[in-house]
Amino acid sequence: MTLRFLLHLALVCLCGLHLVASAAEEGRVIVKYRASADLLKQAQSADRAAKLSTRLGLSLRSGRRLDMRTEVIRADGISSRDLAARLAGQSDVEFAVPDRLRHIRAVPNDPLYSGQWHLQSTEVAAIRADGAWDLSTGSAGVVIAFVDTGVRYDHPDLTAKLLPGYDFITDALNAGDGDKRDSDASDPGDYITASDTRDARLTALCGPISRQGSSWHGTRVAGILGAASNNSTGVAGTSWGARLLPVRALGKCGGFDSDILAGMRWAAGLSVPGVPDNANPARIINLSLGGPGGCDVSYSSVISELTGKGVLVVAAAGNASGPVGAPANCPGVLAVAGVRQNGIKVGYSSFGPEISISAPAGNCVDSSGQCLFSIDTTSNSGATVPAANTYTDKNTSNVGTSFSSPMAAGVAALMLSINPGLSPAELISRIKGAARTFPSDPALTNCPSDPTKASSTDQCNCTTSTCGAGLLDAAAAVAAVTPATTPSAHILVLDPLTNASIRLDGRGSTATGGGTIQSWHWQLVTAPAGASLTAPDAASTSLEASSAGTYVVSLSVTDSLRATDTTSINLQVTATAPAPTDPGTSASSGGGGGGALDFYALFGLAGLLGLTYLSRRSQAQRAPAR
């Protein structure tokens, strides 16, 4: 595992180097022409390339078009960086950027659900999807696209969830399936053989490459996004209901930006020249891929276009343990960093101010050779070409920020299943707002503000300036967009408990979504002799305490839909102000009906007032409408 990770990291770094141009080098550039450019009058791309060739004194070839004004231009004997600089100097060119390779973001009643710790609530960093599923298991009306290596359509935990996708890989050598772009998004395997490493054509296209087995990366990502769930087979996905749209753009040596960007546009329902329109536009696009460097204008332009169409882009931070790579560092992206099971940043995860949220990435903590905190998901057993469909586990581990990103994308899909009108900005805001606070290990330092000063083995305490708003919390995020289904009674104590008269306020109680609170009823459940409540049927009342001691006061509310909720509070009236103890558990009989006190937010005030919060009980029921 460690060796494969180091080899992968070395490949990423090598592919990002600017090499001196040689006769075998091919420059590839994404060019966007200005809307007013005379070149656009040339109907054929080849004619535009010929005209640019005359201007620049180069032999240019046109490649694939991304849209009517954007295309790939190629030339031999010049680097992509130098070609981009030459083209950018043309007055009718809006921008020209190198067409770079990007790489996968991985470090090389479902029976397997028990091993999916990341979806449960047992570990600090787990995303609590089990709590979210009580509110929604997702909707088939939400489509998640994943731009990746393709997928194994025959996997039994994916077959029913997958939509017809598309293969956007332009170069047959990189595609590995014997052809170029076509409607087959199947993953043939991204293996590299010893003979591949000696293939001059492949190394000219990819740069230095090393032998590797097939990763089945897209199939693994798909399982985390939305494997068929509650089907007595394999694993569970984050969103049970969402449909999955595979967009193949990564091959043997990764994927070029032009193919990735074309795939993103197609996934969102935008037209791509030469490709049939997508009949199932996605609301969410997952990018478990990336490379070093900043966000260039080709990505920011497309992401802005997708955001304008209401499409959320979710991207993995990267596994370089340093600055966040592209496209995760682009504006408008929900960028996801990786943490260990205990909520501490995993050593390999990239980090920095561009991160939105953190989620489990997988980590191996057992010296026996097993990976106890692998991210279990769908996979294939083939070392090169496809073989038996299978699953990852602690013996065939699966770690990397590639697998953090689809968790966040799956949570966004659950949110859209409840409120399809949420914009990308609203989804990001709600996910960040629902995040849990990062834990802190006193034995570790905080992650450095300058990510370039970190090493690949460094664990560190996450902060909101390095790892995003906090830990991804599916249950809280879905709850944040779920209309209330029951009313919720709340009690606020307004006076010190040393007073003979203590005001209690119930006006913070909330009604079922769309309703209003119609009545309040206060009751003394337990109290010393002589105690009373001044206004038992008003929104606020006063407890007239007869002596020091324990007072149990309940409040029942009824809303305009005739639904009710009851909560109770134990007050220790004393001449001093003892510290509050832990609250008791809810005794709800109505499936989680409200009654949650706002004392957590008001603990400081409660301490000053001398309140001891001992326990509470809540029950909610829904009366039939009449």
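Here the structure is shown first, and the text comes after it.
Analysis parameters
- Residues numbered from 1 in each chain as written.
- Predicted model: local features only at pLDDT ≥ 70, side-chain atom pairs only at ≥ 80, totals over all residues.
- Heavy atoms only, no water.
- Salt bridge = Lys/Arg side-chain N within 4 Å of Asp/Glu carboxyl O.
- Helix = DSSP H or I, 4+ residues; strand = E, 2+ residues; numbered from the N terminus.
- Buried < 20%, exposed > 50% of the residue type's maximum accessible area, 1.4 Å probe, protein only.
- Pairing = 2+ DSSP bridges.
- Axes fitted to C-alpha atoms, helices over the stretch in contact; angles between N-to-C directions.
- Contact = heavy atoms within 4.5 Å.
- Core = buried A, V, L, I, M, F, W, Y, C linked by side-chain atoms within 4.5 Å.
- Polar contact = N/O pair within 3.5 Å; in protein donor to acceptor, adjacent residues only side chain to side chain.

Student: Mind showing me how you'd approach the pattern of salt bridges here?
Tutor: Opposite charge on two side chains makes pairing possible when the charged atoms of those side chains draw close. Under the definition given, this model contains 22 salt bridges. Across the pair Arg248 and Asp167 runs a salt bridge, and its minimum N-O distance is 3.0 Å. Of this pair, Arg248 sits in strand 8 (residues 243-248) while Asp167 is found in strand 7 (residues 166-167), placing the two residues 81 residues apart along the sequence. Taken individually, Arg248 and Asp167 each receive the classification buried, so the pair is uniform in this respect.

Student: I keep staring at the sheet that holds strand 4 (residues 93-98) and nothing clicks. Help me out?
Tutor: Within a beta sheet, neighbouring strands are joined by backbone hydrogen bonds and run either parallel or antiparallel to one another. The sheet built from four strands is open, its strands ordered 2-3-1-4 with antiparallel pairing. A single partner strand is all that each edge strand has here, and the edge strands are strand 2 (60-67) and strand 4. The average angle at which neighbouring strand axes cross in this sheet is 25°, direction not considered. As judged from the five bridges shared by strand 1 (residues 26-33) and strand 4, these two strands associate in the antiparallel manner. From the neighbouring strand, Tyr33 faces strand 4, where its bridge partner is Val93. Running at roughly 130° to strand 2, helix 2 (residues 45-56) makes contact with strand 1, strand 2 and strand 3 (70-76) of the sheet. Of the strands in this sheet, strand 1 and strand 4 are in contact with helix 10 (residues 297-308), which crosses strand 4 at around 115°.

Student: Explanation requested: the nonpolar core in the structure shown.
Tutor: Grouped burial of nonpolar side chains is what soluble globular proteins tend to show. Formed by 52 residues in total, the largest nonpolar core has its most connected members in Ile284, Met415 and Leu472. By residue number, the principal contributor to this core is helix 11 (residues 405-418), which donates nine residues. Met415 has contacts with Leu422, Leu427, Arg430, Ile431, Ala477, Val478 and Val481, leaving out every residue within four places of it along the chain. If you look at the next biggest cluster of nonpolar residues, it comprises 45 residues, including Val72, Ala249, Leu261 and Val272.

Student: Can you walk me through the environment of Ser121 in this structure?
Tutor: Of note, Ser121 is situated in the loop between strand 5 (101-104) and helix 4 (129-132). When its relative accessible area of 42% is taken as the criterion, Ser121 is described as partly exposed. A C-alpha to C-alpha distance of 8.1 Å links Ser121 and Gly131, two positions ten residues apart in sequence. Excluding anything up to four places from it in sequence, Ser121 contacts Ala126, Arg128 and Asp130. A polar contact of 2.9 Å, which involves the side chain of Ser121, links it to the side chain of Asp130.

Student: Looking at this model, I keep getting lost on the sheet that holds strand 17 (residues 492-493). Mind explaining?
Tutor: One open sheet holds the four strands; their spatial order is 17-18-21-20, and the pairing between them is antiparallel. Each of the sheet's edge strands pairs with one partner strand only, and the pair in question is strand 17 and strand 20 (532-533). Bridge count for strand 18 (residues 501-505) against strand 21 (residues 540-544) is five bridges, and the pairing is antiparallel. Looking across to strand 21, one finds that Leu504 is bridged to Thr541.

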